[in-house]
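# Architecture and fold: a report
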Amino acid sequence: MLRYKNGFFLILLFFGSWVGAQERVLETENLPPIPFRDSLALSIPPNALDTIPSDSLLITRKIIVRDSIGDVKTTIIYNAEDSIRLDVIKNIAYLYGNAEIKYGSIELNADYIELDWVNNILYATGVPDSTGKLLGKPIFKEGVETYETTTLRYNFTSGKAYITGAVTQQGEGFLQAESIKKSQSGELFSYHGRYTTCNLESPHFHIQSEMIKAIPGNKLVSGPFHLRFNDIPTPLGFAFGMFPDQQKKRSSGIIFPTYGEERVRGFFIRDGGYYLALNDVIHLSVMGEVYSKGGYGGTIQSTYNKRYSYQGSFRFNYSKFNSEATELNPASINDFWVDWSHRPTPKGNSSFAASVRAGTSTYNNNNTLNFERNVNSEFSSSVQYSKTFTGTPFNMAANARHSQNVRDGRVQVTLPEAAFNMNRVTPFANSDIEIMRQLNFAWNFNLTNNISNRPSGRVPSGITLSNPSEIPADSIMPFNFETLPYLLRNASIGGRHQIPVTTTFNVLKHINVSPGFNYEELWYIQELRYSWQEDQNAVRLDTIPGFKRAGTYNANIGINTRIYGTYNLKKGNIQAIRHMITPNIGFGYRPDYSDRRYGFFQEVQINEAGDTRLLSKYEGFAYGAPSIGESASLNFSLENNLEAKKVAKDTASKAEKVKLIDNFGISTSYNFLADSFGLSNIRAALRTNLFNNAVNVNLGVEIDPYLTRLDSISDTGNVFQRRLDKFAWNNGQGLGKIRNVTLNLSTNLNPAAKGTQGGAATAGLNRMGQGPDGMMGADGMEATQGLAGAQNLADNGDLEAMMIMNSPFNYVDFTIPWNIDISYNLNYRRDGFAEADVTQALTFNGDVSITEKWKINFNSGYDLATKELTHTTISINRNLHCWELRVNWVPFGRFTSYSVDLQVKSSLLQDLKINRRRNLNDR
């Protein structure tokens, strides 16, 4: 490398240059000459090469020059692949062939650049080749802004620029213009401009306007504009336009509504309102809807995210509408729904989390087309707080729970629910005796208050009460403010202490023995008292307030081990088969707590004949009542696992293990102190895979070991039978009668799809449903996990993951060509000689990519008993580059509907769309 510094040659080279010049360093590399291409020979300005004046210098090597010039306070670095000509008279540098300028946050690349040090002007353009095509067009970068231009003129001192043929990205959009003037403040004024979110040189659509002003990082404002598709003008447009350009944070703005017509509620305008970016932590949107037949509603939705602390969302929906008074559509309906999700960032020794989903039982049917929400009748909510006391074995948790069945109106609220626990401690950990060294105990205390609009079950079966008005009828009460005082008075309140004491030791090295003792104590603030009323021939039930406790205990011992057996094969590709058996034997004892000495039961006359019955004083209470009857039971289970060792295909690989049976288990128990039917039902379960893990098999069978005798069958088909205290195998009936069989067979016809890249981000998202109201589907947990996976990728700069996060409900994975899941479910139930109840269903769902841009998703099933298709949904997605087309169709059934959506992918122009919907209300 040659370096000229502070020498005579440098003085001659820059004699007569400007007064402000302080230092210039030229660095040349010994590179071979770069031949001029045809384009360069035709495009170099006159007198640039053929007539080089004596006061100029032409260098045909790669040269890097650092200058500090005039009013410019930052070093300029420039180089060129072909040559650099320095005109020391005019103080202009000419750069040829892949030239580059670096100045602070400014970078410029072009095939031809002029650097005027006197006027502080930078000029750049491309050069045409022999065919006239312009090559090496200027690419100008200033900070985060990038401009692709035909020509560029830029002033170093003022920061102003004049650009022709410019293309620049503003946020999610692209601005193209014949010419752009850049002001000193960075504002762009374009002439004959086009704005689009399509990143092609010839975009599929754009907004055409004579004048567009862009404020980078803020917004774009245009004068009168119209919309063009493939450069074909349309009458769609407006007198002015404003488009936000907030790259790092959202901005407040109007949410444009959708419009349409429903047969029941009439014409509508809905989902329109205002979006408020209150600060960097919380955003809020307020939307409303109105119907021509008198209905209206509103939505308040908020998302919040405090980094390293918490994140969550809140949504409240309210709707009211009037319609013709029919059984399906009452004259007036008021509905509301609340969704709240709060997720803390794990840290410290305490945490708070919430998941709330609650509302009126008619909301889903009246306000959403989401299938998962419409067919799901159960919704639950919880708010949780937990804390660990550092340095101690103690911890606590407090919860508020809510469950709701929107079909029958059952509501249960648990408030509060608290738990105080002490983790297991080993007081004799240093003992030399194993049984003492392993001795441990714990303490758990639970407190609950259950409020339910369903009868608490405090009335024993077969009992007639003389005062039934104090107990609600066998029906579900409305859960509202009018019935709340009564529900609070009948709330089920209680506490429970549990102290388990266990130890373990080995016998004969391989047999594990685990004895244990459990003490449980129930705390209540009232008890039941029964009395026979002769004048009414009924039992009177009174609730006596006061602190009550019921302590119980039981003891148990468990014995288990593992037995291995291997069978070696001499022929074939199977080397050996290994069988693992895990037997478990347990014995437990529990006293009879109906004994009078405990005081937990009361012997009560129940009829005029003088018959008596033991009734619990804690019937239907929060944690139940102590059990009746002494028990000494032996529990037995046997689990089996079968594996094969397969010969490797080559000697360098290890032998492959193949699971033949994942698990086959059988279990039962026998109560030695039971007066009859001491043996419980025999249960067996099998879990395995077939055809190289292609088919998953789950089988469960329950067998009644006792003999059932048939007495008669009526003309109407009623079966009269008796279960006898005799074992079936003693009467030639084998193990007994099969009472229940469950079978599930499932397969994925494209197993390779499970391992595709991005599965962590999309697994939960594919199960997220969305109706017109934008609410989440029922499988919220899995959806949240999928969002977490997408968030992790987005944080690392994954563009696809960022798109998922911006619009998760509309994400479709086009990378998998096809994927089909098929499942067969069988449920068989039979009680003795009664007719068997058999249900069979075949379900299938998946997607097929017809082409690279077309994908069809489907979800359906077939009920083999009714021979009818179950609920079916079909969706078609078309990737139109910067646009997307979605068609959703429910062809038949209760929720028959369809919708067609054509809209721009970018969230910036998400209101540029066409919608057509028809749903269950359009009748």
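Below you will find a few notes about this structure. Numbering of residues starts from 1 in each chain and follows the order in which that chain's sequence is written. Since the coordinates come from a predicted model, pLDDT governs what is reported: local features require at least 70, and pairs of side-chain atoms require 80 or more to be given and counted, while whole-chain, interface and lining totals use all residues. Note that the side-chain values use all heavy atoms of the structure and ignore hydrogens as well as water.

## Describing the overall build of the protein chain
Formally: Helix and strand definitions follow DSSP, with helices as H or I runs of at least four residues and strands as E runs of at least two, each counted in order from the N terminus. Only heavy atoms matter for contacts: two residues are in contact if any of them lie within 4.5 Å across the pair. Under the convention used here, a 1.4 Å probe and the Shrake-Rupley method define accessible areas, while residue burial counts only the protein chains that appear.
When you go through the protein chain residue by residue, the secondary structure sums to 9 helices and 57 strands. Taking the intrachain contacts of the protein chain between residues at least 6 apart in sequence as the baseline, contacts between residues at least 24 apart amount to 50%. Counting every atom, the protein chain has about 51,700 Å² of accessible surface; 55% of that belongs to carbon and sulfur.

## Digging into the environment of Lys-219
Worth spelling out the cut-off: A simple rule labels every residue: compare its accessible area, found with a 1.4 Å probe on the protein chains alone, to the largest value its type can have, and call it buried under 20%, exposed over 50%, or partly exposed in between.
With respect to the helices, strands and loops of the structure, Lys-219 is situated in strand S19 (residues 219-222). A residue is classified by how much of its surface remains accessible, and Lys-219, at 25% relative accessible area, is partly exposed. Residues Lys-219 and Gln-170, spaced 49 residues apart in sequence, show a C-alpha to C-alpha distance of 8.6 Å.

## As for the pattern of salt bridges
The criterion, for reference: Take a side-chain nitrogen of Lys or Arg and a carboxyl oxygen of Asp or Glu: if they are within 4 Å of each other, that pair is a salt bridge.
Using the criterion set out here, one finds 15 salt bridges in the structure. In this structure, Glu-521 engages Arg-549 in a salt bridge whose closest nitrogen and oxygen atoms are separated by 2.7 Å. Of this pair, Glu-521 sits in strand S37 (residues 511-533) while Arg-549 sits in strand S38 (residues 538-560), and the two are 28 residues apart along the sequence. Residue Arg-549 is classed as partly exposed on the basis of its relative accessible area, which comes to 45%. The closest approach of N and O atoms between Asp-595 and Arg-597, which form a salt bridge, is 4.0 Å. When salt bridges that share partners are traced, they join Arg-709, Asp-711 and Arg-722 into one network.

## Focus: the environment of Ile-121
By secondary structure assignment, the location of Ile-121 is in strand S9 (residues 121-125). The spacing of Ile-121 and Lys-160 is 39 residues in sequence and 9.8 Å in space, taken between C-alpha atoms. Those residues in contact with Ile-121, other than ones at most four positions away along the chain, are Glu-114, Leu-115, Asp-116, Arg-153, Tyr-154, Asn-155 and Phe-156.

## Things to note about the pairing of strand S40 (residues 574-590)
For the record, the criterion: Here, a strand pair is defined by DSSP locating no fewer than two bridges between the strands.
Alignment of S38 against S40, held across 6 bridges, turns out to be antiparallel. Pairing of Ala-555 across the sheet is with Tyr-589, part of S40. Inspection of the sheet shows S40 paired to strand S43 (residues 631-646) by 16 bridges, in the antiparallel sense. The residue of S43 that forms the bridge with Arg-590 is Ser-631.

## Considerations on the packing of aromatic side chains
Using the following cut-off: Note on ring pairs: Phe, Tyr and Trp rings are taken, using the six-membered ring of Trp, and paired if centres are within 6.5 Å. Classes follow the plane angle, with under 30 degrees stacked, over 60 edge-to-face and the rest tilted.
Tallied over the entire structure, the rule returns 23 aromatic pairs. Ring plane angle 35° and centroid distance 6.0 Å describe the contact between Phe-140 and Tyr-147, whose orientation is recorded as tilted. Across this residue pair, the class does not change: Phe-140 and Tyr-147 are buried. An angle of 25° between the planes, with centres 6.3 Å apart, marks the rings of Phe-316 and Phe-336 as stacked. Here the residue Phe-316 occupies a position in strand S28 (residues 310-322), and Phe-336 occupies one in strand S29 (residues 332-344), the gap between them amounting to 20 residues.

## Side note on the nonpolar core
Applied cut-off: Here, the term nonpolar core denotes a set of buried Ala, Val, Leu, Ile, Met, Phe, Trp, Tyr and Cys residues that are joined through side-chain atoms within 4.5 Å.
Core analysis: the biggest nonpolar cluster contains 43 residues, and Tyr-78, Leu-95, Ile-101, Leu-108, Ile-113, Leu-115 and Leu-122 have the highest contact counts within it. Ignoring sequence-local partners within four residues, the contact set of Leu-95 consists of Tyr-78, Asn-79, Ala-80, Ser-83, Ile-84, Glu-100, Ile-101, Asp-111, Tyr-112 and Ile-113.

## Comments concerning a nonpolar patch on the surface
Heads up, the condition is: Only residues whose relative accessible area exceeds 30% and that form no salt bridge enter a patch; like-charged residues are grouped when within 9 Å of one another, and nonpolar side chains (Val, Leu, Ile, Met, Phe, Trp, Tyr) when within 5 Å.
A cluster of nonpolar residues, Ile-557, Ile-559, Ile-585, Phe-587, Tyr-589, Leu-634, Phe-636, Ile-666, Tyr-670, Phe-672 and Leu-673, forms a patch on the protein surface that exposes about 890 Å² of accessible area. Of the residues forming the nonpolar patch, the biggest block, 3 residues, is contributed by S40. With respect to the secondary-structure elements, Phe-672 resides in the loop between strand S44 (656-671) and strand S45 (682-690).

## Focus: the environment of Ile-850
With respect to the secondary-structure elements, Ile-850 resides in the loop between strand S51 (837-849) and strand S52 (854-863). Overall, the relative accessible area of 55% leaves Ile-850 in the exposed class. Spatially, the C-alpha atom of Ile-850 lies 8.7 Å from that of Trp-818, the residues being 32 residues apart in sequence.

## Topic: unusual backbone geometry
The linkage connecting Leu-415 with the following residue, Pro-416, adopts the cis geometry, with an omega of 0°. The phi torsion at His-192 lies on the positive side, around 55°, for a residue other than glycine. Examined against the element boundaries, His-192 turns out to sit in strand S17 (residues 188-196). Judged by its relative accessible area of 23%, His-192 is partly exposed.

## A word on the side chain of Thr-299
Quick note on the threshold: Polar contacts, as counted here, are pairs of nitrogen or oxygen atoms within 3.5 Å of one another; within protein the pair requires one atom able to donate a hydrogen and one able to accept it, and residues that are adjacent in sequence qualify only if both atoms are side-chain atoms.
Relative to the helices and strands, Thr-299 is located in strand S27 (residues 296-306). Given a relative accessible area of 10%, Thr-299 falls into the buried group. Of note is the side chain of Thr-299, whose polar atom sits 2.9 Å from the side chain of Asn-317. If we skip the residues at most four places from it in the chain, Thr-299 touches Ser-285, Val-286, Met-287, Arg-315, Phe-316 and Asn-317.

## Here's the deal with the side chain of Asp-339
Relative to the elements of secondary structure, Asp-339 occurs in strand S29. The exposure class assigned to Asp-339 is buried, which follows from its relative accessible area of 16%. Here the side chain of Asp-339 touches Trp-337 through a polar contact of 2.8 Å, side chain to side chain.

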